[in-house]
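Okay, here's what each chain looks like letter by letter:
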Amino acid sequence: MTTRFHGLTFLTDPGRVFTPRPATEKLVDAALARIGDRPARVADVGTGSGAIAITLALRSPTLEVWASDTCGNAVALASQNAERLGAQVHLVHGDLLEGIPRDLDLIVANLPYLEPGHEGFEDEPATAVYSTGDGLDHYRRLLAGAGDHLGGAGGVLVQFDGEVLEAERSELPWLRSRLESLVAAAA
């Protein structure tokens with residue numbers, strides 16, 4: 001199967017790899033706006049089909065793009081999509097920032113953030129939708145390690161409930177608190 005994302009056609013694997021959603025295009029747009037035309041090193045954590053990483057690489061050829069996922073099916077699908085679309089992306093089969101270089105200019109992520117048992121995503125792989133505890137454990141672990149991977153002027157962009165949240169390297173504790181307050185308000 002295929003899906004359209006940011007004007008590009010991506011191979012998908014429903015039920016095995018999360019299918020890219022139109023709402024995630026805002027994350028790509030925010031990343032492109034932040035980077036502008038300058039060369040930069042970007043990591044897409046939890047890449048899935050590779051839609052975010054590949055779109056960034058194609059829309060801004062001066063980027064060095066890294067993408068990681070814990071799911072072997074996702075890494076294989078992202079590789080197929082990168083090859084089909086002619087995108088240069090470094091793919092890593094690993095957990096969050098494992099295997100990703102340091103001194104990044106930007107980390108982007110659309111990670112699982114729903115607590116187990118949340119309804120509405122039965123057709124998607126559980127590991128791509130649900131995180132442990134209150135649903136924020138993946139983001140907590142990412143933010144705990146992000147500072148070590150970002151350069152001095154680096155930042156993080158994450159998608160949460162269809163919205164893009166942004167933080168500079170020095171604001172990572174604020175972003176964690178912001179995510180926690182959003183989860184608490186929804187409970």
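It should be noted that the structure appears before, not after, this text.
These numbers were taken from a predicted model, which means no experiment stands behind them.

Undergrad: Would you mind going over the nonpolar core in detail, with residue names and values included?
TA: General note: in soluble globular proteins, nonpolar side chains tend to be found buried as a group. Residues V45, I107, Y139, L142, V156, L175 and L179 are the most contacted members of the largest nonpolar core, which totals 29 residues. Elements with a minimum of two residues in this core: β3 (40–45), β6 (104–109), α5 (137–149), β7 (150–160), β8 (163–168) and α6 (172–186). Contacts of V156, omitting those with residues within four sequence positions, involve L106, I107, L143, A146, L150, L165, E166, A167, L172 and L175.

Undergrad: Just give me the short version of unusual backbone geometry, but keep the residues and values in it.
TA: Unusually for a residue other than glycine, H6 sits at a positive phi of about 55 degrees. Mapped onto the fold, H6 is located in the loop between β1 (2–5) and β2 (8–11). Positive phi, normally seen in glycine, also occurs at D161, with a value near 55 degrees. Within the fold, D161 resides in the loop between β7 and β8.

Undergrad: Talk me through the packing of aromatic side chains; I want residue IDs and the actual numbers.
TA: Each pair of aromatic rings is reported with the distance of its centres and the angle of its planes. Here the structure, examined in full by the defined rule, presents two aromatic pairs. Taken together, a centroid distance of 6.1 Å and an interplanar angle of 80 degrees make the contact between F5 and F10 edge-to-face. Judged by centre distance (4.7 Å) and plane angle (45 degrees), the rings of Y113 and F160 are tilted. Of this pair, Y113 sits in the loop between β6 and α4 (126–129) while F160 sits in strand β7, and the two are 47 residues apart along the sequence. Taking relative accessible area as the criterion, Y113 reaches 18% and is therefore assigned buried.

Undergrad: Give me the lowdown on the side chain of S49, citing residues and values where you can.
TA: Tracing the chain through its elements places S49 in the loop between β3 and α2 (51–59). A relative accessible area of 3% places S49 in the buried class. Not counting residues up to four positions away in its chain, the partners in contact with S49 are F10, L11, V17, P20, I54, L77, A78 and N81.

Undergrad: An account of α2 is needed here, citing residue identities and associated values.
TA: Of all nine residues in α2, seven are buried; the element is thus mostly enclosed. Residues A51, I52, A53, I54, T55, L56 and A57 constitute the buried set of α2.

Undergrad: Got a sec to walk through the environment of A23? Specific residues and values, please.
TA: Assignment of secondary structure puts A23 in the loop between β2 and α1 (25–35). By relative accessible area, A23 is classed as partly exposed at 30%. In sequence terms A23 and V164 are 141 residues apart; their C-alpha atoms lie 9.4 Å from each other. What A23 contacts, discounting residues up to four positions off in sequence, is Q159 and G162.

Undergrad: An account of the pattern of salt bridges is needed here, citing residue identities and associated values.
TA: All told, the structure shown has eleven salt bridges when counted by the stated rule. Here E163 ties to K26 by a salt bridge, and the two come within 3.5 Å at their closest N and O atoms. With a gap of 137 residues between them, E163 in strand β8 and K26 in helix α1 connect regions that are remote in the sequence. A salt bridge links D105 to R38; the nearest nitrogen and oxygen atoms lie 3.9 Å apart. Of the two residues, D105 is situated in strand β6 and R38 in the loop between α1 and β3; the sequence distance between them amounts to 67 residues. Among the ionic contacts, a cluster of salt bridges with common partners joins D134, D137, R140, R176 and E180.

Undergrad: Which residues make up the environment of K26, and what values do they have?
TA: A relative accessible area of 38% places K26 in the partly exposed class. On a C-alpha basis, the gap between K26 and T127 in space is 23 Å, while along the polypeptide they are 101 residues apart. Those residues in contact with K26 that sit more than four places away from it in its chain are G162, E163 and V164.

Rules used in this analysis
- Residues numbered from 1 in each chain as written.
- Predicted model: local features only at pLDDT ≥ 70, side-chain atom pairs only at ≥ 80, totals over all residues.
- Heavy atoms only, no water.
- Core = buried A, V, L, I, M, F, W, Y, C linked by side-chain atoms within 4.5 Å.
- Buried < 20%, exposed > 50% of the residue type's maximum accessible area, 1.4 Å probe, protein only.
- Helix = DSSP H or I, 4+ residues; strand = E, 2+ residues; numbered from the N terminus.
- Contact = heavy atoms within 4.5 Å.
- Phe/Tyr/Trp six-rings, centres within 6.5 Å; stacked < 30°, edge-to-face > 60°.
- Salt bridge = Lys/Arg side-chain N within 4 Å of Asp/Glu carboxyl O.

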